[in-house]
Amino acid sequence: MNIDHKAVLKLNKMEKKFLRKQSKARHVLLKHEGIQAVSYPTQSLVVANGGLGNGVCRKQLLLALEKCGPVEDLLMPPNKPYAFVIYQSIEGSKKAYGTLNGKEIIDDLGHKIFLYLNFVEKAQWKKLGLQTLPPGLLVVEEIIPPEDEKLLLESIKWTGDTGNQNFQKSLKHRRVKHFGYEFHYENNTVDKDKPLPGGFPDICNGILEKWLKEGYIKHKPDQLTINEYEPGHGIPAHIDTHSAFEDEIVSLSLGSAIVMDFKHPDGVTVQVMLPRRSLLVMTGESRYLWTHGITPRKFDTVQASKQFKGGIITSDIGDLTLSKRGMRTSFTFRKVRRTPCNCSYSSVCDRQRQAPPPSLPASSKEALQLEQEHVHHVYDEIARHFSSTRHSPWPRIVEFLKALPSGSIVADIGCGNGKYLGINKELYMIGCDRSLNLVNICRERQFQALVCDALSVPVRSGSCDACISIAVIHHFATAERRVEALQELARLLRPGGQALIYVWAMEQEYKNQKSKYLKENRISQGEKEDINNDRFMEALPVNQMPDGVSEDPALSVPSTNNIKKGEYKSRKISNSELPVHRNRTSFHSQDVLVPWHLKGNPGKDKAVKSFGLAGCPNPSPVFHRYYHVFCDGELEASCQALGDVSILQSYYDEGNWCVVLQKV
Ligand code: MN
Ligand code: ZN
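Here's a quick rundown of the structure. Every residue gets a number counted from 1 within its own chain, in the order that chain's sequence is written. Naming scheme: in the order in which they are written, chains are lettered from A and ligands are numbered from 1. In keeping with the model being predicted, local features are shown solely for residues with a pLDDT of at least 70 and side-chain atom pairs are shown and tallied solely at 80 or more, while totals for entire chains, interfaces and linings include all residues. Side-chain metrics rest on all non-hydrogen atoms present in the structure, leaving aside hydrogens and water.

Take the coordination of the manganese ion (ligand 1) next. Geometry sets the ideal angles at a metal, namely 109.5 degrees for four tetrahedral donors and 90 or 180 degrees for six octahedral donors. For Na, K and Ca the donor cutoff is 3.2 Å, while for all other metals N, O and S atoms count as donors only within 2.8 Å; water does not appear among the atoms, so some sites may look incomplete. The coordination sphere of the manganese ion (ligand 1) contains the protein donors His238 (NE2), Asp240 (OD) and His292 (NE2), at a distance range of 2.2 to 2.3 Å. Sequence positions of the residues that donate to the manganese ion (ligand 1) give the spacing H-x1-D-x51-H. Of this pair, His238 sits in strand β14 (residues 235-238) while His292 sits in strand β19 (residues 291-294), placing them 54 residues apart in sequence. Accessibility here uses a 1.4 Å probe with only protein chains present; expressed as a share of the type maximum, an area under 20% marks a residue as buried, one over 50% as exposed, and anything in between as partly exposed. Residue class for His238 comes out buried when judged on its relative accessible area of 6%. In this description a helix means any DSSP run of H or I spanning at least four residues, a strand means any run of E spanning at least two, and both kinds are numbered starting from the N terminus.

Below, the discussion takes up the pairing of strand β10 (residues 174-179). Judged by how many residues are buried, β10 sits mostly within the fold: 5 of 6 residues are covered. Examined bridge by bridge, β10 and strand β13 (residues 223-229) share 6 bridges and lie antiparallel to one another. If you follow Arg175 over to β13, its bridge partner there is Glu228. Only when DSSP finds a minimum of two bridges between them are two strands counted as paired.

For the rest of this paragraph, the subject is the coordination of the zinc ion (ligand 2). For the zinc ion (ligand 2), the protein coordination sphere consists of His242 (ND1), Cys341 (SG), Cys343 (SG) and Cys349 (SG), at 2.1 to 2.3 Å. With 4 donor atoms in place around the zinc ion (ligand 2) and angles of 98 to 124° between them, the coordination shape is tetrahedral. In the primary sequence, the donor residues of the zinc ion (ligand 2) line up as H-x98-C-x1-C-x5-C. Remark: Cys349 occurs in the loop between β23 (328-334) and α7 (364-388) and His242 occurs in the loop between β14 and β15 (249-254); sequence separation between them is 107 residues. When its relative accessible area of 0% is taken as the criterion, Cys349 is described as buried. Angle rules define the geometry names used: all angles between 85 and 135 degrees makes four donors tetrahedral, while opposite donors over 155 degrees apart and all other angles between 65 and 115 make four donors square planar and six octahedral, leaving every other case irregular.

This part covers the sheet that holds strand β25 (residues 428-433). In spatial order, the strands read β26-β25-β24-β27-β28-β34-β33; together these 7 strands make up an open sheet with mixed pairing. Of all strands in the sheet, those with a lone pairing partner are β26 (449-451) and β33 (645-653), marking the two edges. Here the strands of the sheet are splayed against their neighbours by 15° on average, with no regard to which way each runs. Relative to strand β27 (residues 464-470), strand β24 (residues 409-413) is paired through 3 bridges, and the arrangement is parallel. Paired with Ala411 across the strands is Cys467, a residue of β27. The contact criterion used is simple: two residues touch if any of their non-hydrogen atoms lie within 4.5 Å. To obtain each axis, a line is fitted to C-alpha atoms, and for helices this fit is confined to the stretch in contact; angles are then taken between N-to-C directions over 0 to 180 degrees. In the packing of helix α9 (residues 436-444) onto the sheet, contacts are made with β25 and β26, and the angle to β26 comes to roughly 165°. Strand contacts of helix α10 (residues 479-492): β24, β27, β28 (493-504), β33 and β34 (656-663), with the helix running at about 150° to β28, the strand carrying the most contacts.

Inspection of the secondary structure puts Lys425 in the loop between β24 and β25. The spatial distance from the C-alpha of Lys425 to the C-alpha of Ser406 is 8.4 Å, given a sequence separation of 19 residues. The term polar contact refers here to a pair of N or O atoms within 3.5 Å; inside protein, the definition further demands a hydrogen-donor-capable atom paired with an acceptor-capable atom, and it admits residues adjacent in sequence only when both atoms are side-chain atoms. From its side chain, Lys425 meets the backbone oxygen of Gly422 in a polar contact 2.9 Å long.

Turning to the environment of Val451, a few remarks are in order. Residue position: Val451 is located in strand β26. Residue classification places Val451 among the partly exposed positions, given a relative accessible area of 39%. Apart from residues no more than four positions distant in its own chain, Val451 is found in contact with Asp433, Arg434, Leu436 and Val439.

Here the focus is the nonpolar core. In terms of nonpolar packing, the biggest core is built from 31 residues, with Ile413, Cys467, Ile501, Leu635 and Leu661 touching the most fellow members. Elements supplying a minimum of two residues to this core: β24, β27, α10, β28, α14 (634-640), β33 and β34. For this core, the element with the highest residue contribution is α10, accounting for 5 residues. If we skip the residues at most four places from it in the chain, Ile413 touches Cys432, Ala454, Val457, Ile468, Ser469, Ile470, Val472, Leu489 and Leu492. We define the nonpolar core as a collection of buried residues of types Ala, Val, Leu, Ile, Met, Phe, Trp, Tyr and Cys that are connected through side-chain atoms lying within 4.5 Å of one another.

On to the sheet that holds strand β4 (residues 82-87), then. For sheets, the rule is that strands pair by backbone hydrogen bonds, running either parallel or antiparallel. Taken in spatial order, the 5 strands line up as β1-β7-β2-β4-β3 in an open sheet, and their pairing is antiparallel. The sheet is open, and its two edges are formed by β1 (37-38) and β3 (71-75), each paired on a single side. Pairing between strand β2 (residues 44-48) and strand β7 (residues 116-120): 5 bridges, direction antiparallel. The partner of Ala48 across the bridge, within β7, is Tyr116.

Salt bridge, as used here, is a side-chain nitrogen of Lys or Arg placed within 4 Å of a carboxyl oxygen of Asp or Glu. Scanning the entire structure with this criterion turns up 18 salt bridges. In this structure, Lys150 and Glu154 form a salt bridge, with 3.4 Å as the shortest nitrogen-oxygen distance. In this pair, Lys150 and Glu154 are both assigned in helix α4 (residues 146-155), 4 residues apart and thus about one turn of the helix distant. Using a relative accessible area of 54% as the deciding quantity, one classes Lys150 as exposed. Glu154 sits in the partly exposed class, given a relative accessible area of 47%. Residues participating in the shared-partner salt-bridge network are Glu142, Glu149, Arg276 and Arg277.

Written out as structure tokens, the structure reads:
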């Protein structure tokens, strides 16, 4: 008796849990997809978690559904974590509702997935507008025989070395090799004056001649990039740089098929199946205007019908299933452009861009604009990701804060994510930053922080015992504004109060010492892979990275000894256009744009696995931050311009110039 009673209780508990999940599924479907469930039986059901986006394939789901009765149609929208089933009779749908709800199904990766079913009035799915390939796109199937595929794959001599030798690079889960010209991932172009020795592998030359003769391509390419993609990995959506390459770009898929996503700026997405041994030819609009990319996932949504091989994947969701990805190797052939691009897609043309590239400001108004766009805006956009890379405080800054008497009032001007605000609990610390998103992160961490400009801090003069300004002053775009920022720091200090200032150094190697980052990077291969994980993601290093500049230890660091103390004033940039700094290389200009490669929200994948709505991941945008890197002696000289301070200390710390000031 007693045992029975317990079993009933247990069942009730499970039922309650199940009902909760079912109602949650219903809620999510309505909220995110506009799918309205009804509370009375109909012939159609929406099957939450039974979608292609969950890794459930058509055959498997159908098998489970058909056990409840004859199925009239099963609609599986691409990338969605749900499906619609229409039963021939209401008995079937009722039985499915009654027996499959909360039941598990094993997905294609062997994971358990619980299904939640709800009745719907009508199984509907808004069809994709476009049913044709992007203009200018061509997929030639069986362009080479299996024998040639084998030969081509064997011809790639992947060296065991993961370094930069042999023009081979190891990106995260992806190996690449370049021929003809090396492709530079930091600016997505090639050095047109530096052809690589050796040309193309012989086997490629033969194949290219054949394609030319047969008319598949019109121009002989001179640049080849070989990419090896592991299943589950992809490439962010992008347009190949107009100014770098000619119109025709072709890519040979070997080893395994893939679905490539093409996207028009209007938002129309076309998924194109690239079968094994097929050639993708992109010309005209498809090459210049549409982005292309590969969504990282282990399965592609493909058409189930046997005859389907290459080309567009239609929105006939009654005919979609999953295809498991294998190791795919692509040979992408391009022709380096020698004349300016004059395509008719100026909105996406790097040569015809309406906005001129940022240049060194000639007035404080221009400086403000530059800072607005290339400092303030960028930090607001990258705040979360930036914060996730900034959690280890620097020892000497900690030391400074810990040495202050307890009860000191300290302002952190440009506090970022607030990593120094909680260092010494004995201090009254207040942070401020120009970025609201960064200030919000400080507030989430229960720190006192406010939004303000470092040139006008809303704090009474002489009210601070100490101030810190870490990696801030180098974001001001004129020498005058940098001095003004220092002046504002000094204004906050009481007589005798001290300020610690850090700015990026032009000299990234000092007294034969490489920065901590360089050493760390050498040790941690994992981190290095993280940095190298993609063409868009050759980012500043991830976790544990100091605020200083990073350089690749694999690359030689040219000596900066020629810059003598105090000589910075004479270093003028001949061209006022700001150069884009190549991450992990030394600086060649004091005023630079430093790329930040934004990475997505790492929590996202998880949500998809449970019951999130799977979709295409966002491509990784690149932001350019303006920096004025300081030369040896420059920071001190700027401080001396203030008058009411004395320099107590100045030093070099991991790629930064640093001073401790005292208000006189
Ligand atoms: Mn491309
Ligand atoms: Zn163009």
